[in-house]
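Listed below, chain by chain, are the residues.
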Amino acid sequence: YSSLLDSIIYICMGQMGVIQAALFSRNNLEIPGLKLVRNLEGFSLDKKTHYVLNIDSELIDFFLENQMCFSLDELRDRFSGEENFKIIESLQPSLLVPLIAKSQIMGLLVLGERIQQENYSLEEKRYLTDIAHFAANAIHNAVLFEMSTTDLMTHLKQRHYFFEILDKRIVQAVTKGTKISLIMLDIDHFKQINDSYGHQVGDEILKSISATIRSGLRQEDIGARYGGEEFVILLHESDEQQAYEVAERLRQTIEKQKHPQARSVSVSMGIAQYDPELDSGPDDFIGRADNALYFSKEHGRNRSCRASRVQGDTGRGA
């Protein structure tokens, strides 16, 4: 999804000769609006400004009705008092290009200063409108795909999608010799948390830990909700030691977090690197990581254990 948004920006920057571009995009998994995430080039952002456009506004309705490009000056008299316009105006763009698909606004492309500092011709505006049409449909399909493969509570990937990616990564590991590792993660005493504080508190803890997992992932890594309070992380181009270091950083971060009712929460983890000599497929691979997780839980919890060392107990980390 992020790569798609980057592609839209770079195509328009190259074709229009602009040195600044940003994209407010639709992401139904997080917020009901258009959010400026990391897909921008050249603009300086104010850390105090919340760059989210409300889709229930006169400005957005205007874009839906007209479906064409507009300069800031063309919109100023009519929308200068609207919050959406103030957010966009703070970037000082030269042109706004709405991305519309299925009668919905999927994004807003904001183009800044041009290299030649010239106005946009009618042909260029038509070209951008065509690009916006195709881009909007691509974003619409991408959002639907994200929704169909993502657990809506945790915003991590669903189990079935994780297995699809795992199969592909194992093939790559066998044919190309790439290193992949798994981290299996389980929340310690989660049933007790639910029984003591209620399922609503349990759900908030699930969301908090999931957010911590997501924030620590690279674009090529996959984090998924494996079931209940158990999660799995597939790390690309990572050996067991590197995965262990990731797991320990994650464990320590979660341990330091405070929750209003349940106070501190800990997790146990098992780590395994794919080994063609030991793993005939995903089941063996997951099984070794799961055994390491079981070892962690049996030896005091709140620890990470490597599959290669499940026979040894060398302290908190093994």
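Definitions and limits used
Residues numbered from 1 in each chain as written. Predicted model: local features only at pLDDT ≥ 70, side-chain atom pairs only at ≥ 80, totals over all residues. Heavy atoms only, no water. Helix = DSSP H or I, 4+ residues; strand = E, 2+ residues; numbered from the N terminus. Buried < 20%, exposed > 50% of the residue type's maximum accessible area, 1.4 Å probe, protein only. Areas by Shrake-Rupley, 256 points an atom, 1.4 Å probe, with all protein chains shown as cover. Lys, Arg positive; Asp, Glu negative; His and termini not counted. Charge placed at Lys NZ, Arg CZ, Asp CG, Glu CD. Axes fitted to C-alpha atoms, helices over the stretch in contact; angles between N-to-C directions. Parallel < 35°, antiparallel > 145°, perpendicular 65-115°, else oblique. Contact = heavy atoms within 4.5 Å. Pairing = 2+ DSSP bridges. Polar contact = N/O pair within 3.5 Å; in protein donor to acceptor, adjacent residues only side chain to side chain. Expected span 1.5 Å × (residues − 1). Salt bridge = Lys/Arg side-chain N within 4 Å of Asp/Glu carboxyl O. pLDDT = per-residue confidence, 0-100. Phe/Tyr/Trp six-rings, centres within 6.5 Å; stacked < 30°, edge-to-face > 60°.

**Here we look at the overall build of the chain**
Next, step 1: If you tally the helices and strands in the chain, you get 10 helices and 12 strands.
Next, step 2: Overall size of the chain, expressed as C-alpha extent along the three principal axes, is 70 × 50 × 30 Å.
Next, step 3: Per-residue burial for the chain yields a buried fraction of 50% across its 318 residues.
Next, step 4: If you sum the accessible surface of the chain, you get close to 16,100 Å²; carbon and sulfur atoms cover 47% of it.
Next, step 5: Here the chain contributes 35 positively and 46 negatively charged side chains, and the mean placements of these two sets differ by 5 Å.

**Considerations on the packing of helix α6 (residues 159–176) against helix α10 (residues 282–298)**
Next, step 1: One way to put it is that α6 packs onto α10 with a least axis distance of 10 Å and a crossing angle of 105°. Relative to α10, the element α6 is oriented roughly perpendicular. Within the contact between the two elements, α6 uses F162, F163, L166, D167 and I170 and α10 uses P282, F285 and I286.

**Re the sheet that holds strand β11 (residues 267–273)**
Across a sheet, strands are paired by hydrogen bonds formed along the backbone, either parallel or antiparallel in direction.
Next, step 1: Spatially, β7-β8-β6-β11-β12 is the arrangement adopted by the 5 strands of the open sheet, whose pairing is mixed. With partners counted over all chains shown, the strands left at the sheet margins are β7 (222–227) and β12 (304–306), one partner each. The mean inter-strand angle of the sheet, taken between neighbouring strand axes irrespective of direction, is 20°.
Next, step 2: As defined by bridge partners, strand β6 (residues 180–187) adjoins strand β8 (residues 230–236) across 7 bridges and the pair is classed as antiparallel. Residue L182 lies in a different strand from β8, and its bridge partner there is L234.
Next, step 3: On top of the sheet, helix α9 (residues 240–256) reaches β6, β8, β11 and β12; it is set at about 170° to β11, its chief contact.
Next, step 4: In the packing of α10 onto the sheet, contacts are made with β6, β7, β8, β11 and β12, and the angle to β11 comes to roughly 145°.

**Brief notes about the environment of I100**
Next, step 1: Note on placement: I100 falls in strand β4 (residues 95–101).
Next, step 2: Take I100: its relative accessible area is 9%, and that puts it in the buried class.
Next, step 3: For the pair I100 and H140, spaced 40 residues apart in sequence, the C-alpha to C-alpha distance is 9.0 Å.
Next, step 4: Among all residues touching I100, those that are not within four sequence positions of it are F63, L64, Q67, I105, H133 and A136.

**Observations concerning the environment of S268**
Next, step 1: If you trace the backbone, S268 turns up in strand β11.
Next, step 2: Other than its neighbours up to four places away in sequence, S268 contacts M184, L185, D186, D188, L293, S296, K297, R301, N302 and R303.
Next, step 3: At a separation of 2.6 Å, a polar atom in the side chain of S268 contacts the side chain of D188.

**Some points on unusual backbone geometry**
Next, step 1: Non-glycine residue Q67 carries a positive phi angle of around 50°.
Next, step 2: Examined against the element boundaries, Q67 turns out to sit in the loop between α2 (58–66) and α3 (72–79).
Next, step 3: Q67 gets classed as partly exposed once you look at its relative accessible area, which sits at 44%.

**So, α10**
Next, step 1: With 17 residues, α10 should reach 24 Å at 1.5 Å per residue; the first-to-last C-alpha distance of 24 Å fits that figure.
Next, step 2: Taken residue by residue, α10 has F285, I286, R288, A289, A292, L293, F295, S296 and K297 as its buried positions.
Next, step 3: In this structure, the buried residues of α10 make contact with α6, β6, β7, β8, β11 and β12.
Next, step 4: Phi for G300, located one or two positions after α10, is positive at around 110°.

**Let's talk about the pattern of salt bridges**
Next, step 1: The full count for this structure, using the stated rule, is 15 salt bridges.
Next, step 2: The shortest N-O distance in the salt bridge between R251 and E248 comes to 2.8 Å. With R251 and E248 both in helix α9, this residue pair falls 3 residues apart, about one helical turn. The same class applies to R251 and to E248, which are both buried.

**Digging into the confidence of the model for the chain**
Next, step 1: On average, residues of the chain score 90 in pLDDT, and 95% of them reach the 70 mark or higher.
Next, step 2: Low pLDDT, under 50, characterises residues 312–316; the stretch is placed with 12 contacts to residues that sit more than four places away or in other chains.

**Some words on the pairing of β7**
Next, step 1: With 5 of 6 residues buried, β7 is to be regarded as a mostly interior element.
Next, step 2: Where β7 lies against β8, 5 bridges are found, and the strand directions are antiparallel. Bridge pairing in β8 places A224 opposite V232.
Next, step 3: Hairpin connection between β7 and β8: a loop of 2 residues separates the two successive antiparallel strands, and G228 in this loop has a positive phi of roughly 60°.

**Here's the deal with helix α8 (residues 199–215)**
Next, step 1: In a regular helix each residue adds 1.5 Å, so 17 residues correspond to 24 Å; α8 covers 24 Å between its end C-alpha atoms and thus fits that length.
Next, step 2: Every buried residue of α8 is accounted for by V201, G202, I205, L206, I209, S210, T212 and I213.

**Here we look at the packing of aromatic side chains**
Next, step 1: Taken as a whole and judged by the stated rule, the model has 8 aromatic pairs.
Next, step 2: When the centroid spacing of 5.0 Å and the interplanar angle of 50° are considered together, the rings of F62 and F70 count as tilted.
Next, step 3: The buried category is assigned to F62, whose relative accessible area is 11%.
Next, step 4: Between F162 and F163, the ring centres sit 5.4 Å apart and the planes meet at 70°, which makes this aromatic pair edge-to-face.
Next, step 5: A relative accessible area of 0% means that F162 is categorised as buried.

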